[in-house]
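Examining the three-dimensional arrangement
The chain contents come next:
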Amino acid sequence: MKNDRGMQNRFVILHGWENRRPPDHWEHWLFDELTARGAEVDYPQLPDPDTPDLDTWLAALDQLVTRGERPVTLLAHSLAASLWLTRLARSDSPGLVTRLALAAIPAPDVLRSTVVEAFIDHPPVIAPLPGVEQIVFEGEDDPYSPGGVRAAYEIDPSIPVELVNGGGHLTPDSGFGPWPRILEWTLATEEMPS
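First, a word on scope: everything that follows refers to the structure included in this document. Please read these numbers as outputs of a predicted model, since none were measured by experiment. (Residues numbered from 1 in each chain as written. Predicted model: local features only at pLDDT ≥ 70, side-chain atom pairs only at ≥ 80, totals over all residues. Heavy atoms only, no water.)

What to know about helix α1 (residues 26–36)
- Taken residue by residue, α1 has Trp26, Glu27, Trp29, Leu30 and Leu34 as its buried positions. Along the axis of α1, the buried residues cluster in a sector spanning 160°; they form a single face.
- Elements in contact with the buried residues of α1: β1 (10–14), β2 (41–42), β3 (72–77), β4 (97–103) and α6 (180–187).
- Just past α1, the residue Gly38 takes up positive phi, approximately 85°. (Buried < 20%, exposed > 50% of the residue type's maximum accessible area, 1.4 Å probe, protein only. Helix = DSSP H or I, 4+ residues; strand = E, 2+ residues; numbered from the N terminus. Arc of directions from axis to C-beta. Contact = heavy atoms within 4.5 Å.)

Focus: the pattern of salt bridges
- Within this structure, the stated rule accounts for 12 salt bridges.
- The closest approach of N and O atoms between Arg10 and Asp42, which form a salt bridge, is 2.9 Å. You can see Arg10 sitting in strand β1 and its partner Asp42 sitting in strand β2, a full 32 residues away along the chain.
- For Arg10, a relative accessible area of 2% translates into the label buried.
- What makes Asp42 buried here is its relative accessible area of 17%.
- The salt bridge partner of Arg181 is Glu162, with a shortest N-O separation of 2.5 Å. (Salt bridge = Lys/Arg side-chain N within 4 Å of Asp/Glu carboxyl O.)

Things to note about the environment of Gly139
- The topology assignment puts Gly139 in strand β6 (residues 133–139).
- Relative accessible area serves as the criterion here: at 4%, Gly139 is assigned to the buried category.
- Here the alpha-carbon distance between Gly139 and Gly166, two residues 27 residues apart in the chain, equals 6.6 Å.
- Each residue touching Gly139, except ones within four places of it in the same chain, is listed here: Leu163, Val164, Gly167, Gly168 and Leu170.

Remarks on the environment of Val65
- Summarising the element assignment, Val65 is placed in helix α2 (residues 54–66).
- The exposure class assigned to Val65 is buried, which follows from its relative accessible area of 0%.
- Sequence spacing of Val65 and Ser93 is 28 residues, and the spatial spacing of their C-alpha atoms is 10.0 Å.
- Beyond its immediate sequence surroundings of up to four residues, Val65 is in contact with Leu74, Trp84, Arg87, Pro94, Gly95, Leu96 and Val97.

Quick look at the pairing of β4
- β4 sits mainly inside the fold: seven of its seven residues count as buried.
- Pairing geometry for β3 and β4, over six bridges, is parallel. In the strand pairing of β4, Leu74 is matched with Leu100. (Pairing = 2+ DSSP bridges.)

What to know about the nonpolar core
- Among the nonpolar cores identified, the biggest contains 36 residues, and Leu74, Trp84, Leu102, Ile105 and Ile126 are the most heavily contacted of them.
- Looking at this core, the elements that each hand over two or more residues are β1, α2, β3, α3 (79–91) and β4.
- When residues in this core are grouped by element, the largest group, seven residues, is from α3.
- When residues no more than four places from it in sequence are discounted, the contact partners of Leu102 are Ala76, Ala81, Trp84, Leu85, Ile126, Ile135, Val136 and Phe137.
- Ranked by size, the runner-up nonpolar core spans 22 residues in total, among them Ile13, Leu30, Leu75 and Ile182. (Core = buried A, V, L, I, M, F, W, Y, C linked by side-chain atoms within 4.5 Å.)

Worth remembering: the numbers are spatial, not functional.
As structure tokens, this is what we get:
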């Protein structure tokens, strides 16, 4: 869990829309796995998950990825992935994030005309970020991403996209729960790109 500079990463896990951090969700399982290993993990309950306010969630995200000096591994699921992309569109800075996993990114068209439409205020592009290792996880047949993530986003070829067979939206309703692959990725330490 140490990066190439010998500093231990801080982990940030962010949930999506209508999520109240249920104990059977992979996010909660990952939080438990990481804290059991002695890691520093932020897994906050973001305010008003049914009717989230973009500016409130952006402020929470900004505080989480800029606090302190330690590098951050960010795992953003669903609406939190849209939140991250909107933050990048507005600030163009990853803060202290050196490793980034975006999981089950909802298609902007699916969120349009909903209470979370403001969260799609970003171009449909996922581009490399200098010094940040990135990965995208998409669930097979995700109802929030019809046709898959590449149907909604232009993803730079240098960013791996892993399909999770039978994954759906990567929630307890689709069997996630414990997800060993996300733990494996989270714990991996690779040299950061320069």
